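# Examination of the molecular architecture
Chain by chain, the residues run as shown.
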Amino acid sequence: MPEGHTLHRIARRQRKLFDGLRVAVSSPQGRFAEGAAVVDGMVFDDAQAWGKHLVQRYRDGRREQLLHVHLGLYGSFTELPVPMGEPVGQVRMRIVGEKVGVDLRGPTACELYTPADLEALVARLGPDPLRPDADPARAYAAITRSRRPIGALLMDQKVIAGVGNVYRAEVLFRNGIDPMRPGTSITADEFDALWADLVALMRIGVRRGRIHVVRAEDDHGAPSYATDRPRTYVYRRAGEKCRICGTPIAHGELDGRNLFWCPTCQT
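Structural notes, computed from the coordinates. On a predicted model such as this, the values are computed, not experimentally measured, just so you know.

## What about the sheet that holds strand β2 (residues 43-50)?
Ordered by their spatial adjacency, four strands build an open sheet running β2-β3-β4-β8, and the pairing between neighbours is antiparallel. Because the sheet does not close on itself, it has two edges, and the strands there are β2 and β8 (109-113). Recorded for the sheet is a direction-independent mean angle of 20° between the axes of neighbouring strands. Across eight bridges, the pairing between strand β3 (residues 53-60) and strand β4 (residues 63-70) is antiparallel. Across the sheet, residue Arg 59 finds its bridge partner in β4, namely Glu 64. Here helix α1 (residues 4-18) sits on the sheet in contact with β2 and β3, set at roughly 165° to β2. Taken strand by strand, helix α3 (residues 115-124) contacts β2, β3, β4 and β8, and its axis lies near 125° from that of β8.

In structure tokens, the structure reads:
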């Protein structure tokens, strides 16, 4: 599933492509036909991300309409020059601007939103490290109230919005924290360091379009876990030597998700 930096990058890109333009919106697949008809011909006014959720804003005079997208595991946007040609595959939504259009395939959600819907979404999400209005104190309060493992809490979108499995594994390693430590044991200084690291790493992800988590002095040795994937400290490196201490990277499962850590560096 795309992590939060991907959605913020998509929002930034769509603002660049479409802001202020009257766009054509359709649903070649047909599953979003009624919703597409509502925003078709309106002016694309904004796109913002909250964690792993994208919300587009359309206007026509005083009339405003919101549109919510959650990519889930399989969703993606594809850019094509105009004219875009016939849709390929199951295109849930097509947005056509002056020179470029985008096709959306395979999302978990593509739906019209009301302001109340957006308010409810934001209310149930934790603070997003990539948003300037994020309040990290909310996340720390939720963490210190829970005896759940910090590795589970970081992946809970109600605690922090936008963190996925890669950032979870890597930020805990970079800060020397065992993923199984209960939230109640995380000190204010440890949380502040975690949050600052998440902000910095996810901003790099937005800027570069890919996750980059390995410090320059450690960027050597074993290659990345797969072609065109980021070099990591622990994620997808089970059994390989830790880049810092040489201990084999451990692998387990937490809340149904793969968990990776170094038993020596993370205490």
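## Details of a positive patch on the surface
On the surface, a cluster of positive charge is made up of Arg 9, Arg 12, Lys 16, Arg 207 and Arg 208. Those elements that provide at least two residues to the positive patch are α1 and α7 (188-208). It is α1 that contributes the most residues to the positive patch, three residues altogether. If you trace the backbone, Arg 207 turns up in helix α7.

Reading the values: rules and limits
Residues numbered from 1 in each chain as written. Predicted model: local features only at pLDDT ≥ 70, side-chain atom pairs only at ≥ 80, totals over all residues. Heavy atoms only, no water. Pairing = 2+ DSSP bridges. Helix = DSSP H or I, 4+ residues; strand = E, 2+ residues; numbered from the N terminus. Axes fitted to C-alpha atoms, helices over the stretch in contact; angles between N-to-C directions. Contact = heavy atoms within 4.5 Å. Patch = residues over 30% accessible without salt bridge, like charges linked within 9 Å, V, L, I, M, F, W, Y side chains within 5 Å. Areas by Shrake-Rupley, 256 points an atom, 1.4 Å probe, with all protein chains shown as cover. Salt bridge = Lys/Arg side-chain N within 4 Å of Asp/Glu carboxyl O. Lys, Arg positive; Asp, Glu negative; His and termini not counted. Charge placed at Lys NZ, Arg CZ, Asp CG, Glu CD.

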